[in-house]
Amino acid sequence: MREFSYEALPMRVVFGPVSRLGAEVAALGLKRVLVVCGPGHASLGAQIADRLGAELFAEARMHVPVELADRASELAAATGADGCVTVGGGSAIGLGKAIALRHNLPIVAVPTTYAGSEMTPVWGLTENGVKRTGRDRRVLPRSVLYDATLTVSLPPRLSLTSGVNAMAHAVEALYAPDLTPLIALQAEEGVRALAAALPRVVADGADLDARSDAQFGAWLCGTALAACTMGLHHKLCHTLGGALDLPHAETHTIVLPYVLAFNTAPAALARALGTDDPVEALWHLGGKGSLRDLGMRADDIAGVADLVAASSYANPRPATRDDIAALLQAAWAGEHP
Ligand code: NAD
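Residues numbered from 1 in each chain as written. Predicted model: local features only at pLDDT ≥ 70, side-chain atom pairs only at ≥ 80, totals over all residues. Heavy atoms only, no water.

*Asks:* Which residues make up the overall build of the protein chain, and what are the values?
*Replies:* Looking only at helices and strands, one finds 13 helices and 8 strands in the protein chain. Taken over the C-alpha trace, the protein chain has a radius of gyration of 19 Å; the compact-globule value for 337 residues is 20 Å, and the two agree within 12%. Along the first, second and third principal axes, the C-alpha set of the protein chain runs to 55 × 45 × 40 Å. With 337 residues in all, the protein chain has 55% of them scored as buried. Taking the intrachain contacts of the protein chain between residues at least 6 apart in sequence as the baseline, contacts between residues at least 24 apart amount to 73%. Taking the average place of the 27 positive charges on the side chains of the protein chain and the average place of its 34 negative ones, the gap between the two points comes to 4 Å. (Helix = DSSP H or I, 4+ residues; strand = E, 2+ residues; numbered from the N terminus. Rg over C-alpha atoms; globule rule 2.2 N^0.38 Å. Buried < 20%, exposed > 50% of the residue type's maximum accessible area, 1.4 Å probe, protein only. Contact = heavy atoms within 4.5 Å. Lys, Arg positive; Asp, Glu negative; His and termini not counted. Charge placed at Lys NZ, Arg CZ, Asp CG, Glu CD.)

*Asks:* Would you mind going over the sheet that holds strand β1 (residues 12–15) in detail, with residue names and values included?
*Replies:* On the basis of which strands lie adjacent, the open sheet formed by 6 strands has the order β1-β8-β5-β4-β2-β3 and parallel pairing. Each having just a single partner strand, β1 and β3 (55–57) make up the two edges of the open sheet. Each strand of the sheet is rotated relative to its neighbour by a mean of 20 degrees, with strand direction disregarded. Taken together, the 3 bridges between strand β2 (residues 33–37) and β3 define a ladder with parallel strand orientation. (Pairing = 2+ DSSP bridges. Axes fitted to C-alpha atoms, helices over the stretch in contact; angles between N-to-C directions.)

*Asks:* Mind laying out a nonpolar patch on the surface, listing which residues take part and the relevant values?
*Replies:* On the surface, a nonpolar cluster with roughly 400 Å² of combined accessible area is contributed by Phe4, Tyr6, Leu182 and Leu185. Among the secondary structure elements, Leu182 is positioned in helix α6 (residues 181–203). Leu182 sits in the partly exposed class, given a relative accessible area of 38%. (Patch = residues over 30% accessible without salt bridge, like charges linked within 9 Å, V, L, I, M, F, W, Y side chains within 5 Å. Areas by Shrake-Rupley, 256 points an atom, 1.4 Å probe, with all protein chains shown as cover. Salt bridge = Lys/Arg side-chain N within 4 Å of Asp/Glu carboxyl O.)

*Asks:* Explain the site of the ligand residue by residue, including any values.
*Replies:* Not every one of the 24 residues close to the ligand is listed here, only the nearest: Gly90, Ser91, Thr113, Thr120 and Lys131. Between the ligand and Val122 there is a distance of 2.8 Å, counted from a nitrogen atom to a backbone nitrogen or oxygen. Relative to its free-state accessible area of 860 Å², the ligand is covered by the protein chains to the extent of 83%. Listed by contribution, the elements that provide at least two residues to the shell around the ligand are α4 (90–103), α5 (156–174) and α9 (248–262). Across the shell around the ligand, the residue classes break down as 8 nonpolar, 14 polar and 2 charged. No fewer than three residues from each of domain 1 (12–151) and domain 2 (156–333) sit in the shell around the ligand. (Near = heavy atom within 4 Å. Polar contact = N/O pair within 3.5 Å; in protein donor to acceptor, adjacent residues only side chain to side chain. Nonpolar A, V, L, I, M, F, W, Y, C, P; charged D, E, K, R; others polar. Domains from an automatic or database assignment.)

*Asks:* So what about the nonpolar core? Which residues, and what values?
*Replies:* Ranked by size, the top nonpolar core spans 61 residues in total, and within it Leu232, Leu236, Leu291 and Leu328 carry the most contacts. Here this core takes 9 residues from α5, the largest share from any one element. Formed by 27 residues, the second largest nonpolar core is a distinct cluster that contains Val36, Ala69, Ile107 and Met119. (Core = buried A, V, L, I, M, F, W, Y, C linked by side-chain atoms within 4.5 Å.)

All we've got here are geometric facts, nothing functional implied.
And the structure:
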């Protein structure tokens with residue numbers, strides 16, 4: 001007998017040109033939005049802000065430092081913003097979520113990477129080297145506009161790694177304690193879509209069909225993150241990101257095969273990847289990198305292992321502090337997982 005509870009999250013998803021953004025904002029009844037983006041999108045952000053008659057905050061950066069969230073929230077309050085439009089990847093969306101958390105402003109997200117943050121009520125804030133995350137319905141974007149042309153400028157490596165970041169959400173959903181049948185379908189299909197799209201995106205960054213397929217996969221994988229409790233992999237990556245400021249998507253890409261080798265890979269993942277060895281497939285897809293390549297020092301392993309071991313998370317296989325240190329050591333050295 002099946003036993004589960006599934007809750008649909010209220011959100012509108014549009015695959016279409018960014019020129020529809022004004023209509024999306026208007027449909028929510030928003031009159032005075034704040035556009036949030038990172039410095040790399042300052043000019044696109046300015047164009048969009050101009051078109052919407054909005055203020056712009058173009059300083060978003062990785063892992064949402066709390067000082068930045070403070071300043072952006074002050075600007076939102078000072079300008080009387082009634083909503084927030086995020087243009088960019090998880091960093092811009094993360095900053096929008098931090099503002100939403102304080103001022104309860106609806107978010108319209110225009111994602112430009114494949115990380116999947118736009119689909120989730122998960123927020124993160126980094127203070128004193130520690131990244132706190134939480135779930136709150138107020139930060140779930142009300143509307144998401146996926147325009148594949150905005151991801152054409154995403155470099156091949158970042159395209160690949162942000163796509164693998166999204167796959168990691170689906171992978172951990174597939175062994176999550178609160179996985180439901182609908183999310184299992186979405187997670188499996190999300191991995192399948194990304195596994196097929198990413199090599200095409202890397203081969204030809206201007207391939208809009210491949211980019212759009214990657215966004216489709218990101219959407220599905222993001223819904224899996226939104227619906228399920230994440231495990232050891234996400235705990236490790238958030239700890240590495242918060243403590244050492246490692247690049248988020250790269251870190252996910254390197255760590256995922258090692259966590260999967262520690263946990264047993266779910267059958268649905270093997271189906272989605274079309275292989276009986278998902279660990280090997282993901283290691284090859286990610287380019288067999290190491291945490292050392294990202295600038296992590298061997299001395300950092302013990303501290304990160306302590307932090308992870310001291311935190312609580314769901315995982316199909318319990319991990320001791322020594323298990324975690326051994327996993328980090330292997331990922332740091334880039335050993336065969
Ligand atoms: P990002 O938003 O940090 O962007 C990475 C880099 O790529 C930045 O320099 C950015 O300017 C650039 N960039 C983004 N889109 C581009 C484009 N189309 N063309 C050229 N350059 C582009 O990267 P990300 O991996 O999307 O996000 C990482 C952050 O998102 C982390 O802080 C992570 O914790 C968070 N995240 C949160 C969730 C969630 O559900 N809360 C999910 C995934 C990621």
